[in-house]
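The residues making up each chain are set out below.
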Amino acid sequence: MQRSPPAPAIILEGLTVAYDRHPAVHHVSGTFGAGSLTAIVGPNGAGKTSLLRAVTGEARIDGGRIDRGGIAASDIAYLPQQAALDRSFPISALEVVMMGHWRRAGLFRRIGGAMRREAEAALAAVGLTGFETRQIASLSAGQFQRVLFARMLLQDCPVIVLDEPFTAIDARTTADLLRVVARWHGEGRSVIAVLHDHDLVRTHFPETLLLAREAIAWGPTAEVLVPANALRARMMAEAWADDAEICARAA
Amino acid sequence: MLLDPFLDYAFMRRALVGCLALSLAAPPLGVFLVLRRLSLIGDALGHAILPGVALGAMVGGLSLVAMSVGGVLAGLAIVVAAGLASRGTGLREDASLAGFYLVALALGVVLVSMSGSGVDLLDLLFGAALGVDDGALLFMASVTTVTLVALALMWRPLVAETFDPGFLRHAGGGGAAWHLAFLALVVLNLVAAFHALGTLMAVGLMMLPATGARFWSGSVGGQVVAAVLAASAASVAGLLVSFHADLPTGPAIVLAAGAIWALGLAAGPQGSLLRRWARRPHLAG
């Protein structure tokens, strides 16, 4: 496969993302290092998805800034949470994977034999050899997640962002897909993943950001996932204060 | 009995050519509308072009150009307005279109009634396939050509955007632009079709073959082919029935399309009732 540009560091400076003026992500600063493998953990409603959407350019930023180190938002491969795709759509697994060629093939360029073989190799890499012509309607949730990972393999992006990629996925599929993540990490790409399974994070992710609207802790996983931090994260009020005042902190 | 009407009467030949032209262009759009879960949008847009057609008739008389221009402008205005309203506020696109088309429909009826004589509301709603003249025929053929070329050019992003709009937008492939271009094609086809079938029945030739297509094929391309074939067969059958039984053409064609749809629903090779009911022994693996 062709080499993508090297992964840059992604730097957040006082990042705030708000919904209806109430902050979901509040003054978060820190750095996803070049080629780092970072897990984002935190309770529900902690702003994990909002932070990912800001990093990938999907959400409007209400304060602070994001320095993507010169790459475009479209150079970041993004797998949304439980992608709300129409699984009855009449399309084959291989065709879904081929969508990963978009940046190179665009509107009209021919998708030739070489690109097709790349797509087949990507399917093989996620353990779906022989599934090329299968309709996605006939795939299980785990198999479909494998297909989406194969599509990201083809996208060949320097930064890969995954939102709860292993939720509702069985242990074996998770293990296989973690191998794909490790492969990306080994190739020098940056990977950022929202996860809930702390054991999995401890085993496979060197860096962790514990988020509860604000960054509770950000650094080596062993230093972040400690009981004191978990307690602080839990104390975060999940409800909005209707009478909240305008935030006086400088961005 | 099958060929004579077309050999003997020029108006039957013109109606046939017009309906076959529509059958080439409208059903593929219908397939995408179904896949985009916008099956009822065609209906809404069909109504939405009515005030434009009425205004065109009031300004320019009962001329093809005036009514078509009015219809296209009204349809595009409503598509763009609904698109902007839904993207600007988070209102769902179908709800937004429903709002705009209802207002447009009411406006259309008011305009027709204000103009007094001249415009026959029934002709607008149900068309007059046997009254298709050379100008209308040329217009339909042009729209079909434009539609097929445009569909060929935007096939890849349209399929991708229909299946996974977030992916395409994020990968820099655009989003709203394809959607609007696609809806513009739908408007064009509905305006072209209303001369032959009327605004109400035009939707039938677009949607009925498309909803039936999923019983015949498991791929997008296959469904498009199936829909075009079904629409063409319905056009021929509808015109013949209408000729021999002296029925209005628009409804006859749509009823024929409905019969083909029912056939697929009952016994098509993909997920039809027959396939569900037939108990075939399960396989070993």
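Residues numbered from 1 in each chain as written. Chains lettered and ligands numbered in written order. Predicted model: local features only at pLDDT ≥ 70, side-chain atom pairs only at ≥ 80, totals over all residues. Heavy atoms only, no water.

Attention now moves to the packing of helix H2 (residues 10–35) of chain B against helix H11 (residues 220–245) of chain B. All names here are of chain B. Viewed as axis vectors pointing N to C, H2 and H11 meet at an angle of 145°, and their least axial separation amounts to 8 Å. Both H2 and H11 take part in a crossing whose hand is right-handed. Only Val220, Gln223, Val224, Ala227, Val228, Ala231, Ser232, Ser235, Val236, Leu239 and Phe243 of H11 make contact with H2, whose side of the interface consists of Met12, Ala15, Leu16, Cys19, Leu20, Ser23, Leu24, Pro27, Pro28, Val31, Phe32 and Leu35. Class assignment of the residues belonging to the contact of H2 with H11 gives a composition of 19 nonpolar, 4 polar and no charged. (Axes fitted to C-alpha atoms, helices over the stretch in contact; angles between N-to-C directions. Helix = DSSP H or I, 4+ residues; strand = E, 2+ residues; numbered from the N terminus. Left-handed = near helix turned anticlockwise from the far one by under 90°. Contact = heavy atoms within 4.5 Å. Nonpolar A, V, L, I, M, F, W, Y, C, P; charged D, E, K, R; others polar.)

Three or four residues apart is the spacing at which side chains of an α-helix point the same way, because the helix has 3.6 residues per turn. All names here are of chain A. The first and last C-alpha atoms of helix H5 (residues 141–155) sit 21 Å apart over 15 residues, in line with the 21 Å expected at 1.5 Å per residue. Counting buried residues along H5, 13 of its 15 residues qualify, which places the element largely inside the surrounding structure. Among the residues trailing H5, Asp156 stands out with phi positive, at a value near 55°. (Expected span 1.5 Å × (residues − 1). Buried < 20%, exposed > 50% of the residue type's maximum accessible area, 1.4 Å probe, protein only.)

What follows is about the packing of H2(B) against helix H8 (residues 134–163) of chain B. Think of two packed helices as two axes; the pair is described by the angle between the axes and how far apart they sit. All names here are of chain B. With their axes 9 Å apart at the nearest point, H2 and H8 run at an angle of 20° to one another. Relative to H8, the element H2 lies roughly parallel. Regarding H2 and H8, the two cross each other, and that crossing is left-handed. For the pair H2 and H8, contact is made by Arg14, Val17, Gly18, Ala21, Leu22, Leu24, Ala25, Pro28, Leu29, Phe32 and Leu35 and by Asp134, Leu137, Met140, Ala141, Thr144, Thr147, Leu148, Leu151, Trp155, Leu158, Val159 and Thr162, respectively. (Parallel < 35°, antiparallel > 145°, perpendicular 65-115°, else oblique.)

All names here are of chain A. The mixed open sheet is built from 6 strands, whose spatial order is E5-E6-E7-E3-E8-E9. Every other strand in the sheet has two partners, leaving strand E5 (76–79) and strand E9 (214–220) as the edge strands with one partner each. On average, each strand axis in the sheet is inclined to that of its neighbour by 15°, with strand direction left out of account. Contacting E5 and strand E6 (159–163), H5 runs over the sheet at an angle of about 175° to E5. (Pairing = 2+ DSSP bridges.)

Residue and element names in this part refer to chain A. Among the structural elements, Glu132 can be located in the loop between helix H4 (113–125) and H5. One buried charged residue, Glu132, forms no salt bridge at all, with the nearest opposite charge on Arg116 at 7.8 Å. At a separation of 3.1 Å, a polar atom in the side chain of Glu132 contacts the main-chain amide nitrogen of Gly130. Those residues in contact with Glu132, other than ones at most four positions away along the chain, are Ser92, Ala93, Leu94, Glu120 and Leu123. (Lys, Arg positive; Asp, Glu negative; His and termini not counted. Salt bridge = Lys/Arg side-chain N within 4 Å of Asp/Glu carboxyl O. Polar contact = N/O pair within 3.5 Å; in protein donor to acceptor, adjacent residues only side chain to side chain.)

Residues and elements named next belong to chain A. Summarising burial for strand E7 (residues 190–194): 5 of the 5 residues are buried, a large majority. The pairing of strand E3 (residues 37–41) with E7 spans 4 bridges and is classified as parallel. Residue pairing across strands places Ala39 opposite Ala193, the latter belonging to E7. Relative to E7, E6 runs parallel, the two being bridged by 5 bridges. What sits directly across from Leu162, in E7, is Ala193. Crossover E6 to E7 through helix H6 (residues 171–186) is right-handed. (Right-handed = clockwise from strand over helix to strand, strands pointing away.)

Let's shift gears to unusual backbone geometry. Residues and elements named next belong to chain A. You will see that Glu164, though not glycine, has its phi angle at about 45°, which is positive. With respect to the helices, strands and loops of the structure, Glu164 is situated in the loop between E6 and H6. A relative accessible area of 10% means that Glu164 is categorised as buried. Even without being a glycine, Ala168 presents a positive backbone phi close to 65°. Counting through the fold element by element, Ala168 comes out in the loop between E6 and H6.

In this section: the sheet that holds strand E1 (residues 10–19) of chain A. All names here are of chain A. Strands sit in the order E2-E1-E4 across an open sheet of 3 strands; the sheet is antiparallel. In this open sheet, the two edge strands, each paired with only one partner strand, are strand E2 (22–32) and strand E4 (63–67). Ignoring which end each strand starts from, the neighbouring axes of this sheet average 25° apart. For E1 and E4, the ladder comprises 4 bridges, and the chain directions are antiparallel. Pairing of Glu13 across the sheet is with Arg65, part of E4. Here helix H1 (residues 48–55) sits on the sheet and contacts E1, E2 and E4; the angle it forms with E1, its principal contact strand, is near 120°.

This part covers the interface of chain B and chain A. The interface of chain B with chain A comprises 22 residues on the first partner and 28 residues on the second. Here chain B and chain A share an interface that buries about 2100 Å² over both sides, 65% of which is from carbon and sulfur atoms. For chain B, the biggest contributors to the area lost against chain A are Arg156(B), Phe163(B) and His170(B); these three give 41% of the whole. At the boundary of chain B with chain A, the tally comes to 3 salt bridges. With a shortest N-O distance of 2.7 Å, Asp164(B) and Arg151(A) are connected by a salt bridge. Summed over the shared surface of chain B and chain A, the result is 8 residue pairs in polar contact (both at pLDDT 80 or more). Those elements that place two or more of their residues in the side of chain B that touches chain A are H8, helix H9 (165–170) and H11 of chain B. A per-element tally of the side of chain B that touches chain A places H8(B) first, with 7 residues. (Buried area = accessible area lost by both parts, 1.4 Å probe.)

Residues and elements named next belong to chain A. The buried count for E2 comes to 9 of 11 residues, which makes it a mostly enclosed element. Bridge count between E1 and E2: 7 bridges; the pairing is antiparallel. Residue pairing across strands places Leu15 opposite Val28, the latter belonging to E2. With antiparallel pairing between neighbouring strands as the criterion, E1 and E2 make up a hairpin whose turn holds 2 residues, including Asp20 at a positive phi of roughly 55°.

With that settled, consider the confidence of the model for chain B. Summary statistics for chain B give a mean pLDDT of 85 and a share of 94% for residues scoring 70 or more. Within chain B, no element has a lower average pLDDT than helix H7 (residues 121–126) of chain B, which sits at 62, and none a higher one than H11(B), at 94. (pLDDT = per-residue confidence, 0-100.)

All right, on to a nonpolar patch on the surface then. Nonpolar side chains collect at one region of the surface, where Met1(B), Leu2(B), Leu3(B) and Leu7(B) lie side by side and expose about 510 Å² of accessible area between them. Its relative accessible area of 61% is what places Leu2(B) among the exposed residues. (Patch = residues over 30% accessible without salt bridge, like charges linked within 9 Å, V, L, I, M, F, W, Y side chains within 5 Å. Areas by Shrake-Rupley, 256 points an atom, 1.4 Å probe, with all protein chains shown as cover.)

Here Asp86(A) shows up in the loop between E5 and helix H2 (93–98). A polar side-chain atom of Asp86(A) sits 2.7 Å from a polar atom in the side chain of Ser88(A). In this view, Asp86(A) contacts Ile136(A), Leu35(B), Arg37(B) and Phe163(B); residues no more than four positions away in its chain are not counted.

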